[in-house]
Amino acid sequence: MVSSHSFDAIVIGGGIAGVSVAAFLAEDGVNVGLLEREDSLAYHTSGRSAALLTPYYGPDAMRAFARIGTPFLESPAFACNAPILSDRNTLTLVEEDLAIAIDRPPKSVWLSERECLERVPFLRRGRYIGGIVDTEVASIDVHELHSVFVKALTSRGGKVFRNAPVTQMTQAPSGSWQVSAGTETFQSRTVINAAGAWGDEVAKIAGISPVGLVPKRRTVVVIDASQFSDTKFDDLPFVIVEPDYLYFQPFGIGQLMMSPIDQTPSLPCDAQPDELDMAITVARFEEVSTLKVARIDHSWAGLRTFSPDGNPVIGWEPQKAGFFWIVGQGGYGMFSSPAIGRYAASLVAGSDLPPAYESSGFQFNTLSPERFRLC
Ligand SMILES: Cc1cc2nc3c(=O)[nH]c(=O)nc-3n(C[C@H](O)[C@H](O)[C@H](O)COP(=O)(O)OP(=O)(O)OC[C@H]3O[C@@H](n4cnc5c(N)ncnc54)[C@H](O)[C@@H]3O)c2cc1C
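First things first, this report covers the structure right here in the doc. Nothing here was measured: the structure is a model prediction, and the numbers come from that model.

Parameters and conventions
Residues numbered from 1 in each chain as written. Predicted model: local features only at pLDDT ≥ 70, side-chain atom pairs only at ≥ 80, totals over all residues. Helix = DSSP H or I, 4+ residues; strand = E, 2+ residues; numbered from the N terminus. Expected span 1.5 Å × (residues − 1). Buried ≥ 20, exposed ≤ 12 C-beta atoms within 10 Å, placed from the backbone. Pairing = 2+ DSSP bridges. Axes fitted to C-alpha atoms, helices over the stretch in contact; angles between N-to-C directions. Near = placed C-beta within 6 Å. Nonpolar A, V, L, I, M, F, W, Y, C, P; charged D, E, K, R; others polar. Domains from an automatic or database assignment.

1. A short note on helix H7 (residues 337-349)
Phase 1 of the analysis: Helix length check: H7 (13 residues) gives 17 Å between terminal C-alpha atoms against 18 Å at 1.5 Å per residue, within 8%.
Phase 2 of the analysis: Here H7 lies mainly inside the structure; 10 of its 13 residues are buried.
Phase 3 of the analysis: Of the positions making up H7, those classed as buried are Ser-337, Pro-338, Ala-339, Ile-340, Gly-341, Arg-342, Tyr-343, Ala-344, Ala-345 and Val-348.
Phase 4 of the analysis: In the segment just after H7, Gly-350 is the residue with positive phi, at about 75°.

Written out as structure tokens, the structure reads:
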């Protein structure tokens, strides 16, 4: 039997983008229903990230969102069971040719090769002249951050529907959207597209032109320290080998996660690691280190989704009333989620934005999908 629900706003997608905007809307007193196709939330990109807060990484929009959202990550405005951030430094290894060109965060410190080796004892000698340490970064407890938003939503009366794939959307002459998802139907004046890699697919279901999103696959390989004698990973920094060659960082207990920083264009899908990309990851790690990898413990891949200009798409769709976009967060959607969620919720609910947005100096209205509708 088909059951029907009515909300002030429907959010499509239960990743970090969907749950964050839903939580802030609920805070503004909006009655929200969140629809997720899978039987668990954060199954796709949001469950597959490197979980790093890097305020000096990515486009200006993301740097602004990072600055505005960091106080929330440090001390969430919603109920929280455990700290979201923990200490992590990045160490960017630099070859002689790149030393002048490299983009240095403001408070970063230069380390000699010897000092790099003290921090990462298995680095191959002679390849890097040194490295840049950035201490203004942190690790994010992604599970906790996502749960904080879900609890903030549900404790304010918001509803989460799992196994709810949106397959049909029509708009009545009154402006009200009718949304079909599985065996349920939903009515709302506002639909929020937070469908990640499927953002353009969801727009098409609503009869709206795509904005040109490109999901890009990134591979992660995890190895265990137990296969090496006398090697520990737990105290390492997040090591980046430029230019876009490899990164690795401690993961779980006694493990190391690494990525070849790949970005292979993909269709929206349940991304899986490609054998060749995994082999490239291990080969690069063996090239920059003195360790020989005998065994991969596990691996995954995730889709980082970009708009044509690399900036997120956040705002009302000009082609049809009541359709709002939050997509294209690329590789920055986790740390930017508190500030993007608050910004989007304020546009949808018509509530005041905190002063930090204006004082950031960034023109957030340039992120509207309107920029793709002018030509
Ligand atoms: C390897 C990797 C490393 C990364 N590292 C970092 C990092 O260090 N720091 C950082 O900030 N970011 C990082 N990111 C990026 C970050 O993970 C993403 O920007 C963020 O997770 C995107 O969240 P989302 O909610 O938009 O997408 P998703 O988590 O993919 O959520 C979209 C949801 O929409 C649902 N959906 C789609 N279509 C429908 C439909 N028709 N009906 C119902 N539901 C639907 C999907 O099932 C999915 O659950 C990384 C990403 C990857 C892959």
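2. With respect to the sheet that holds strand E1 (residues 3-6)
Phase 1 of the analysis: The 4 strands are arranged E1-E13-E12-E11 in an open sheet whose pairing can be described as mixed. The open sheet is flanked by E1 and strand E11 (166-171), the only strands paired with a single partner. Averaged over all pairs of adjacent strands, the angle between strand axes in this sheet comes to 20°, irrespective of strand direction.
Phase 2 of the analysis: Examined bridge by bridge, E11 and strand E12 (residues 177-181) share 5 bridges and lie antiparallel to one another. Residue Gln-171 lies in a different strand from E12, and its bridge partner there is Trp-177.

3. Description of the site of the ligand
Phase 1 of the analysis: Around the ligand, the structure places 41 residues, and the nearest of them are Gly-13, Gly-15, Gly-196, Gly-302 and Gly-333.
Phase 2 of the analysis: Of all the secondary structure elements, the ones that give two or more residues to the shell around the ligand are helix H1 (16-27), strand E15 (214-224) and strand E20 (298-306).
Phase 3 of the analysis: Among the elements that make up the shell around the ligand, the one with the highest residue count is H1 (3 residues).
Phase 4 of the analysis: Classifying every residue of the shell around the ligand by side-chain character gives 21 nonpolar, 14 polar and 6 charged.
Phase 5 of the analysis: Viewed by domain, the shell around the ligand spans two of them, domain 1 (3-80 + 141-211 + 309-372) and domain 2 (89-136 + 214-306), each represented by three or more residues.

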